[in-house]
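Survey of secondary and tertiary structure
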Amino acid sequence: MQKGSMMIHSEYFKKYFVNTSWLFFEHIVRLSVALFVSVYVARYLGPDNYGLLNYSISFVGLFSVIATLGLDQIVIRELVKDRSKRDFILGTTFLLKILGAFLVLILLAIGIQFTSNDSFTNLLIFIIAAGTLFQSINVIDFYFQSRVQSRFIVQVKFWSIMGISLLKIYSIHIEAPLLWFAFLVLVENIILALGFFMIYKSNGLSVLSWKFDMNLAKLFLKNSWPLIFSSIFVTFYIRIDQVMINEILDSKAVGIYASAVKLSEAWYFVPMIISSSLYPAIIEAKKISEDLYYTRLQQLYDLLAIIAIVIILPVTILSDWIIIVLYGQEYIGAGTVLSIHIWAGLFVFLGVARGKWILAENLQTYTFLYTFLGALSNVILNLYMIPLYGINGAAFATLISQFVSVIVVPFIIKETRTSVFMLIKSILLISQIQRLRKIIYLRKN
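Per-chain numbering applies: the sequence of each chain, read as written, is numbered from 1 onward. Per-residue local features are limited, in this predicted model, to residues with pLDDT of at least 70; the limit for side-chain atom pairs, both in listing and counting, is 80 or more; totals at the level of whole chains, interfaces and linings are taken over all residues. Side-chain measures were taken over the full set of non-hydrogen atoms in the model, leaving aside hydrogen atoms and water.

So, the overall build of the protein chain
We count a stretch as a helix when DSSP gives it H or I for four or more residues in a row; a strand needs E for two or more, and each element gets its number in order from the N terminus. Tallying secondary structure elements over the protein chain gives 17 helices and zero strands in all. Burial statistics for the protein chain: of 445 residues in total, 52% are counted as buried. Considering only contacts in the protein chain between residues 6 or more positions apart, those separated by 24 or more positions represent 83%. Surface summary for the protein chain: the accessible area is close to 20600 Å², and the carbon and sulfur share equals 68%. Burial status follows relative accessibility: with a 1.4 Å probe on protein chains alone, a residue under 20% of its type maximum counts as buried, one over 50% as exposed, and anything between as partly exposed. Working rule for contacts: check all heavy atoms of both residues, and any pair within 4.5 Å makes them a contact. Surface accessibility in these figures is a Shrake-Rupley result with a 1.4 Å probe; residues are shielded only by whichever protein chains are displayed.

A word on the nonpolar core
Side chains that are nonpolar tend, in soluble globular proteins, to be buried together. Nine residue types can take part in a nonpolar core, namely buried Ala, Val, Leu, Ile, Met, Phe, Trp, Tyr and Cys, and a core is a set of them joined through side-chain atoms within 4.5 Å. Core analysis: the largest hydrophobic core is formed by 106 residues, its most contacted members being Phe 59, Leu 108, Phe 181, Ile 245, Tyr 257 and Tyr 301. In terms of residue count, helix α1 (residues 11–64) provides more of this core than any other element does, 14 residues in total.

Describing the environment of Phe 142
Within the element layout of this structure, Phe 142 appears in helix α5 (residues 139–146). Along the sequence, Phe 142 and Leu 90 sit 52 residues apart, while their C-alpha atoms lie 8.7 Å from each other. Filtering out sequence-adjacent residues up to four positions away, Phe 142 remains in contact with Asp 72, Val 75, Ile 76, Leu 79 and Lys 97.

Structural notes on the packing of helix α11 (residues 290–317) against helix α16 (residues 417–427)
Where α11 meets α16, the axes come as close as 8 Å, and the angle between the chain directions of the two elements is 40°. Here α16 runs oblique to α11, going by the angle between their axes. Judged by the twist between their axes, the crossing of α11 over α16 is right-handed. Residues Tyr 294, Leu 297, Gln 298, Tyr 301, Asp 302, Ala 305 and Ile 309 of α11 pack against Met 422, Leu 423, Lys 425, Ser 426 and Ile 427 of α16. Angles shown run from 0 to 180 degrees and are taken between the N-to-C directions of axes, each axis being a line fitted to C-alpha atoms and, for helices, limited to the stretch in contact. An angle below 35 degrees is treated as roughly parallel, one above 145 as roughly antiparallel, one from 65 to 115 as roughly perpendicular, and anything else as oblique. Here a crossing is called left-handed whenever its near helix is offset anticlockwise from the far helix by less than a right angle, and right-handed whenever the offset is clockwise.

Some details on the packing of aromatic side chains
Any Phe, Tyr or Trp ring, taking Trp's six-membered ring, that has another such ring centre within 6.5 Å forms a pair; planes under 30 degrees apart are called stacked, those over 60 apart edge-to-face, and the others tilted. Counted under the stated rule, the structure contains 13 aromatic pairs. Aromatic pair Tyr 44 and Phe 181: ring centres 5.9 Å apart, planes at 45°, arrangement tilted. Taken together, the positions of Tyr 44 in helix α1 and Phe 181 in helix α7 (residues 178–202) put the pair 137 residues apart, joining distant regions of the chain. Tyr 44 gets classed as partly exposed once you look at its relative accessible area, which sits at 29%. Judged by centre distance (6.0 Å) and plane angle (40°), the rings of Tyr 55 and Phe 59 are tilted. Linking Tyr 55 with Phe 59, this pair stays in helix α1, spanning four residues, or about one helical turn. Residue placement shows Lys 211 over the ring face of Phe 88; its charged tip is 5.8 Å from the ring centre. Both a distance and an angle decide whether a charge sits over a ring: NZ of Lys or CZ of Arg must be within 6 Å of the ring centre and within 35 degrees of the ring normal. The aromatic ring of Phe 411 is capped on one face by Arg 417, whose charged end is 5.4 Å from the ring centroid.

Observations regarding α7
Counted at 1.5 Å a residue, the expected span for α7 with its 25 residues is 36 Å, and the 37 Å between its end C-alpha atoms agrees. Just past α7, the residue Gly 204 takes up positive phi, approximately 75°. One less than the number of residues in a helix, times 1.5 Å, gives the span that helix is expected to have.

Looking at unusual backbone geometry
In this model, Glu 175 sits at a positive phi of 60°, which is unusual for a non-glycine residue. Classification of Glu 175 by relative accessible area gives exposed; the value is 62%.

Comments concerning a nonpolar patch on the surface
Exposure above 30% relative accessible area and the absence of a salt bridge qualify a residue for a patch, where like charges join within 9 Å and nonpolar side chains (Val, Leu, Ile, Met, Phe, Trp, Tyr) within 5 Å. Here, a salt bridge means any Lys or Arg side-chain nitrogen found within 4 Å of an Asp or Glu carboxyl oxygen. Together, Leu 369, Phe 372, Leu 373, Leu 376 and Ile 380 make up a nonpolar patch on the protein surface, roughly 390 Å² of accessible area in all. Assessed through its relative accessible area of 36%, Leu 369 is described here as partly exposed.

Overview of the side chain of Asn 122
Along the chain, Asn 122 turns up in helix α4 (residues 119–129). Each residue touching Asn 122, except ones within four places of it in the same chain, is listed here: Ile 112 and Asn 117.

Here's the deal with the side chain of Ser 264
With respect to the element layout, Ser 264 can be found in helix α9 (residues 251–265). A relative accessible area of 1% places Ser 264 in the buried class. Any N or O atom pair separated by 3.5 Å or less is treated as a polar contact, with the protein-specific requirement of one donor-capable and one acceptor-capable atom, and with residues adjacent in sequence counted only for side-chain atom pairs. Side chain to side chain, Ser 264 and His 341 meet in a polar contact 2.8 Å long. Once residues lying within four places of it in the same chain are set aside, the contact partners of Ser 264 are Leu 338, His 341 and Ile 342.

In structure tokens form, the structure reads like this:
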């Protein structure tokens, strides 16, 4: 038996399996609790107010991605490479993210001048945006990811979601106004930041040891600028639909659309968790051999394609029933949106996994190009399809733009074309068909 095929029996693999299990447990719990509470909030607020809340969150999301500065995976990579520089890496990243958060607030102040928002909507936006300042402390999350010790972060996020969920349920009980639910978005970020501080300290570490290194900051920004822009464009074709629906239609349409999108995007944690947790193992495989490296990449793509299809098919068939059971008759129009939007998940799953290959190969510049074209196609399609087909048009725009970004544009680029062939192989389940044929052949002989 080859060394690569024995990975599943090794302690090295078990370490990543346990880490992934912790992440999955936390996200499944968060998904279940958050979904229940989201449905409860949607029913309480109704399509109009729920739409206004989601529009505000989406509008902030268009800008808040800038605060990440595209540093997340780069920081994890550097922490894996050289643990002795931990305090410099974390300290430098933290300060850069704080500066990025202030930049977000400035850009928001400019951005709202180009909308038809009233003063109340703008107030919702800035309350939600204030949470960006507290998201800077998630550099602690990157540290534990690099150590493959996600159980610590799982504890923080678990108690955070439980706490904020109880607050939302209590808010509904006392019939709190819409403004209060915007404030709870800010409170959630504060609770999470405090939890990160506590878990870091409980491991015998101190944020007071963090140091800023100007040379390191320049290096990070030099390497991350393509990822900054690609993150902005990714966020655009995830968030821009709800912003454009509000501008072209109304907040009620946003509420109905958002109810479907929340169910569709609820699964996006799956590729992020699996890919992030196995990323260090893929980097190690690259050091051993190219064959092992690409074998593991193909296995990752195959796994995520299968999971995506298993999720997509039943949701497509039962979409109307799911919406009625969860949200009620007020949201009935969301069923068709869900049956369309859920298919974008196939390309999201594979795009996230391919992003690890892009990072490992240092091809971030191309990420900028195809995410830009994907975002541009989404805006153009929304401008054309929303007036004609309403919220269903927005769902089709998202699906088509994901296909453009993940398959079409990377195929055109010579340096990334290989990855497209691997993704198509996964979508068509070619590896699984080959394995099945091999099993049948061996049984016959």
